[in-house]
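Here is what each chain is made of, one letter per residue.
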Amino acid sequence: MDEHLMSFQHLPTSEIYRVTTSTPPSFQQKRSLAAFERACKLMPGGVNSPARAFGAVGGKPLFIERASGPYLYDLDGNRLIDYIGSWGPMILGHAHPAVIEAIVKAAERGTSYGAPTEAESELAELVVRCVPSIEKLRLVNSGTEATMSAIRLARGATGRDKIIKFAGNYHGHVDSLLVSAGSAAASLGVPDSPGVTEGTSRDTIVLEYNDVDALRAAFDQNGAELAGLILEPVVGNMGCVPPQPGFLEAARELCTKHGSVLIFDEVMTGFRVSLGGAQERFGITPDLTTMGKIVGGGLPLGLYGGRADLMDQVIPTGKVYQAGTLSGNPLATAAGAATLRCLLDESPYQHLEQLGQQLAAGLGQAASRAGIAHRVQRVGSMLTLFFCDQPVHGWQQADTCDRARFGRYFWGLIERGVYMPCSQFEALFISAAHTPQMIEQTIEAAEQVLATGVA
Ligand SMILES: *Cc1c(COP(=O)(O)O)cnc(C)c1O
């Protein structure tokens, strides 16, 4: 069990959540509260994925009725500028007409066949075109499935057992990768989940992100037993933490030298930090890449892919088993391909970069004026305002953030129509549908919340 993750204490709701006196009177939560009560009787915590329960910020979740462009609309009729974007996928904004049309057209032809379709190759060709290190790929149904399968392939291909991962990196709820995981696992203080056997986590070596010396030492010690190394090339799941110069280079060099498989988990960064993902942005080529989120256009779809000689070891060409009843689903491939086509045609990345710069600068100024210790970290349209007094390079620094302040900041913004990720340890996402005016509105709301002592 990992000490730094265990040290997280659940903050009592009352300490964080208070409706502020300067609350715009229009903010209501009556229907969401009723919906939450109903859901809690039926599902653990009323949700189907833990971060949605707002456990890290106190209070109770808003239930969403619909979404359009940059906006979410909840059951009580509140309109919110959305900076979660379904935790990453909605880079074009919600209900983009081209994506919806593609889904509707696909649905009219049937929702699943359990047989090959041309749509799968269409999506695969788009992915390979954007991400050249992916020569061949396999479609799955989630990011978790993608990382689980990539790890199995790395082990199968090398005949070795051990895997390196980094504290605060999240790779889905794969047993062997739930050790010192980020995202909701970090926010909610799940250290190493019950139900994960000791034997399973014994083959996982956990290191501090951006620590090149520790990485070299781990390879020196375990090189011959290391099947692979998995990392988020820009971390989103402990808040936004960019790789320091030399870190990804060292990972590449060491994997090559020791015959281990370098896996970039680009489930979040793929098509987000640039069309070719973090590997394009930072110029490092992994052996395998995992993707999800954007590549499914808001439907359940993930993939793993990379060097053809590795991918050919997957069944039925090879012996590494992996399968899926709904894999390559026609609705999901249609949504994914429509999204990638829009990204290729419209190339929103410069727009996203500008909005990212604007928001990062504005949030930083708002916190500075209020005299609040902070760091803003950003890569493209992924960013985090950390309430801490040092740069965050890894979990050791992330862990020092003022979580209670983040909770107050979060609710202050909700009450002003801005929906931020509900944890200090998540990156926010800007979509192509956001405008400079909306960013300005968001900065003004943050200024109010931070300057008036709400947060
Ligand atoms: C979201 C995420 C996952 C898990 O994807 P799911 O679709 O939620 O299973 C894996 N890795 C990274 C980097 C992620 O951000």
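All values reported here derive from a predicted model rather than from experimental measurement. (Residues numbered from 1 in each chain as written. Predicted model: local features only at pLDDT ≥ 70, side-chain atom pairs only at ≥ 80, totals over all residues. Heavy atoms only, no water.)

Caption draft 1: Here's a closer look at unusual backbone geometry. That bond from I315 to P316 is cis: its omega, 10 degrees, falls within 30 degrees of zero. When you line up the elements, P316 lands in the loop between helix 12 (308–311) and helix 13 (330–346). One non-glycine residue, F271, lies in positive phi territory at about 65 degrees. Of note, F271 is situated in the loop between strand 8 (261–265) and helix 11 (277–282). On the basis of relative accessibility, which here comes to 1%, the residue F271 falls in the buried class. The backbone phi angle of S347 is positive, close to 30 degrees, even though this residue is not glycine. With respect to the helices, strands and loops of the structure, S347 is situated in the loop between helix 13 and helix 14 (349–369). Judged by relative accessible area, which is 45%, S347 ranks as partly exposed. (Helix = DSSP H or I, 4+ residues; strand = E, 2+ residues; numbered from the N terminus. Buried < 20%, exposed > 50% of the residue type's maximum accessible area, 1.4 Å probe, protein only.)

Caption draft 2: Spotlight on the state of the cysteines. Throughout the structure, instances matching the rule amount to zero disulfides. No disulfide involves C130; its nearest neighbouring cysteine sulfur is the one of C342, lying 12 Å away. C401 takes part in no disulfide bond, and the closest cysteine sulfur to it belongs to C388, at a distance of 3.9 Å. (Disulfide = S-S within 2.5 Å.)

Caption draft 3: Fine view of the site of the ligand. Close contacts around the ligand come from S142, G143, T144, Y170, H171, G172, E232, N237, D265, V267, M268 and K293, and that covers them all. K293 has a polar side-chain atom sitting 2.6 Å from an oxygen atom of the ligand. Its free accessible area being 380 Å², the ligand has 83% of it covered by the protein chains. Class assignment of the residues belonging to the shell around the ligand gives a composition of three nonpolar, six polar and three charged. (Near = heavy atom within 4 Å. Polar contact = N/O pair within 3.5 Å; in protein donor to acceptor, adjacent residues only side chain to side chain. Areas by Shrake-Rupley, 256 points an atom, 1.4 Å probe, with all protein chains shown as cover. Nonpolar A, V, L, I, M, F, W, Y, C, P; charged D, E, K, R; others polar.)

Caption draft 4: Representation of the domain arrangement of the protein in the model. Split by domain assignment, the protein resolves into domain 1 (5–91 + 348–452) and domain 2 (97–345). Computed from C-alpha coordinates alone, the two centres of domain 1 and domain 2 are separated by 26 Å. Taking both sides of the interface into account, the surface hidden between domain 1 and domain 2 amounts to around 3000 Å²; carbon and sulfur atoms contribute 65%. For the pair domain 1 and domain 2, the interface holds one salt bridge. Ionic pairing is found between E353 and R281, a salt bridge with its closest N-O pair at 3.3 Å. Counting across the domain 1 and domain 2 interface gives 13 residue pairs in polar contact (both at pLDDT 80 or more). (Domains from an automatic or database assignment. Buried area = accessible area lost by both parts, 1.4 Å probe. Salt bridge = Lys/Arg side-chain N within 4 Å of Asp/Glu carboxyl O.)

Caption draft 5: Molecular detail of the side chain of Q322. Structurally, Q322 can be placed in the loop between helix 12 and helix 13. Note on Q322: relative accessible area 7%, which makes it buried. Here the side chain of Q322 touches R138 through a polar contact of 3.1 Å, side chain to side chain. Reaching out from Q322, the side chain makes a polar contact with the side chain of Y304 at a distance of 2.8 Å. Ignoring anything within four residues of it in the chain, the contact list for Q322 reads R138, V140, E145, S149, R152, Y304, V314 and I315. (Contact = heavy atoms within 4.5 Å.)

Caption draft 6: Structural view of the environment of M311. As for its placement among the helices and strands, M311 is situated in helix 12. In this structure M311 comes out as buried when scored by relative accessible area, which is 5%. Put simply, M311 and A157 are 154 residues apart on the chain and 9.4 Å apart in space, counted from C-alpha to C-alpha.

Caption draft 7: Looking closely at the pairing of strand 3 (residues 79–82). Sheet analysis places strand 2 (residues 71–74) next to strand 3, joined by three bridges and oriented antiparallel. Paired with Y71 across the strands is I81, a residue of strand 3. The hairpin formed by strand 2 and strand 3 contains four residues between the paired strands, and G77 there has a positive phi angle of roughly 85 degrees. Of the strand pairs in this sheet, strand 3 and strand 13 (residues 418–419) are connected by two bridges, and their pairing is parallel. Looking at the pairing, D82 lines up with Y419 of strand 13. (Pairing = 2+ DSSP bridges.)

Caption draft 8: Spatial organisation of the pattern of salt bridges. In the structure shown here, the tally under the stated rule is 13 salt bridges. Close ionic contact of E353 with R378 constitutes a salt bridge, the shortest N to O distance being 3.0 Å. Of this pair, E353 sits in helix 14 while R378 sits in strand 11 (residues 375–379), and the two are 25 residues apart along the sequence. Judged by its relative accessible area of 23%, R378 is partly exposed. Salt bridges linked by common partners bring R252, D287, R307 and D309 together as one network.

Caption draft 9: Highlighting the environment of M148. Tracing the backbone shows M148 in helix 6 (residues 143–158). Residue classification places M148 among the partly exposed residues on the basis of a relative accessible area of 34%. Residues M148 and D211, spaced 63 residues apart in sequence, show a C-alpha to C-alpha distance of 24 Å.

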